[in-house]
Amino acid sequence: AIVAVLASVAGAVALAAVIYLKRTRQYLRQAKMRVEKSERKLNALKEKLAAIKATSKKEAEAHRKALAKMEADHQKAVEALNKAQEETMANGHQLYMAVKRGECISQWKKKEMAWFAEYYMAINKKFGHMIENGYTGLSYRQTTFLILEHLGKTQEETMEMMNISYDNYRKMRSVINTKKI
């Protein structure tokens, strides 16, 4: 039973490390949940280890080694999560400053849109709450569109910054309105 728990925890930790590469809000939320799950399993294993009255020193030593490896893997997952969050905030701040200066954002890739959206929703919790609870299935591009509006950018400024036509502006507004909850 303990080996199954060890395998399960090791799998969760490995999965958290792989997901780190995605750098999205969903990844950060999922990684945090995996870290918390890993912590719970780690604590349960510590309790089991403390409760074991091993009949052999070899069995007890095997459990201690497994626990040490799990703790190391867990620490790596926590560090990866922290690094991803720091990267998101640092890059998001730079992109936010570019938007404040009115720079063109039409060449931004998905990850830049994600960093910007995550940063803005972190510094403006009320707006972030409104996006997360007021809409369903928004892309980062659509979220960026709403952020530009929230920052007070005019329709013309938004069209210029995103390099979209009037028709595309109206289509984006229409699609966003269909995603309201």
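Quick note: structure is the one above.
The sections below set out a description of the structure shown in this document. Just so we're clear, the structure is a prediction, and the values are computed from it rather than from any experiment.

**Details of the pattern of salt bridges**
1) Next: Scanning the model with the defined rule gives 5 salt bridges in all.
2) Next: Across the pair E61 and R64 runs a salt bridge whose closest N-O atoms are separated by 3.7 Å. Residue E61 and its partner R64 are both found in helix α3 (residues 57–100); the two are separated by 3 residues, about one turn of the helix.
3) Next: For E61, a relative accessible area of 36% corresponds to the partly exposed category.
4) Next: Measuring nitrogen to oxygen at the nearest pair gives 2.8 Å for the salt bridge that ties D73 to K69. One end of the pair, D73, and the other, K69, are both in helix α3, 4 residues apart, so they sit about a helical turn from each other.

**Quick word on the packing of aromatic side chains**
1) Next: This structure, assessed with the given rule, holds 5 aromatic pairs.
2) Next: For the pair Y96 and Y120, a centre-to-centre distance of 6.0 Å together with 35° between the ring planes defines the contact as tilted. With Y96 in helix α3 and Y120 in helix α4 (residues 110–123), the pair connects residues that are 24 residues apart, well separated along the chain.
3) Next: Pairwise contacts between aromatic rings join Y96, Y119, Y120 and F127 into one cluster.

**Re the packing of helix α7 (residues 155–162) against helix α8 (residues 166–178)**
1) Next: Where α7 meets α8, the closest approach of the two axes is 10 Å, and the angle between their N-to-C directions is 100°. Between α7 and α8, the crossing angle belongs to the class labelled roughly perpendicular. In this structure, α7 contributes Q155, T158, M159 and M162 to the contact, and α8 contributes Y166, Y169 and M172.
2) Next: Across the contact of α7 with α8, the residue classes break down as 5 nonpolar, 2 polar and no charged.

**As for α7**
Since the α-helix turns once every 3.6 residues, residues separated by three or four places project in the same direction.
1) Next: Buried within α7 are the following residues: T158, M159, M161 and M162. Within α7, the buried residues cover an arc of 170° as seen down the axis, which keeps them to one side. Structural note: α7 exposes E156 and E160 on the side pointing more than 90 degrees away from its buried face.
2) Next: Just past α7, the residue N163 takes up positive phi, approximately 55°.

The rules behind each value
- Residues numbered from 1 in each chain as written.
- Predicted model: local features only at pLDDT ≥ 70, side-chain atom pairs only at ≥ 80, totals over all residues.
- Heavy atoms only, no water.
- Salt bridge = Lys/Arg side-chain N within 4 Å of Asp/Glu carboxyl O.
- Helix = DSSP H or I, 4+ residues; strand = E, 2+ residues; numbered from the N terminus.
- Buried < 20%, exposed > 50% of the residue type's maximum accessible area, 1.4 Å probe, protein only.
- Phe/Tyr/Trp six-rings, centres within 6.5 Å; stacked < 30°, edge-to-face > 60°.
- Axes fitted to C-alpha atoms, helices over the stretch in contact; angles between N-to-C directions.
- Parallel < 35°, antiparallel > 145°, perpendicular 65-115°, else oblique.
- Contact = heavy atoms within 4.5 Å.
- Nonpolar A, V, L, I, M, F, W, Y, C, P; charged D, E, K, R; others polar.
- Arc of directions from axis to C-beta.

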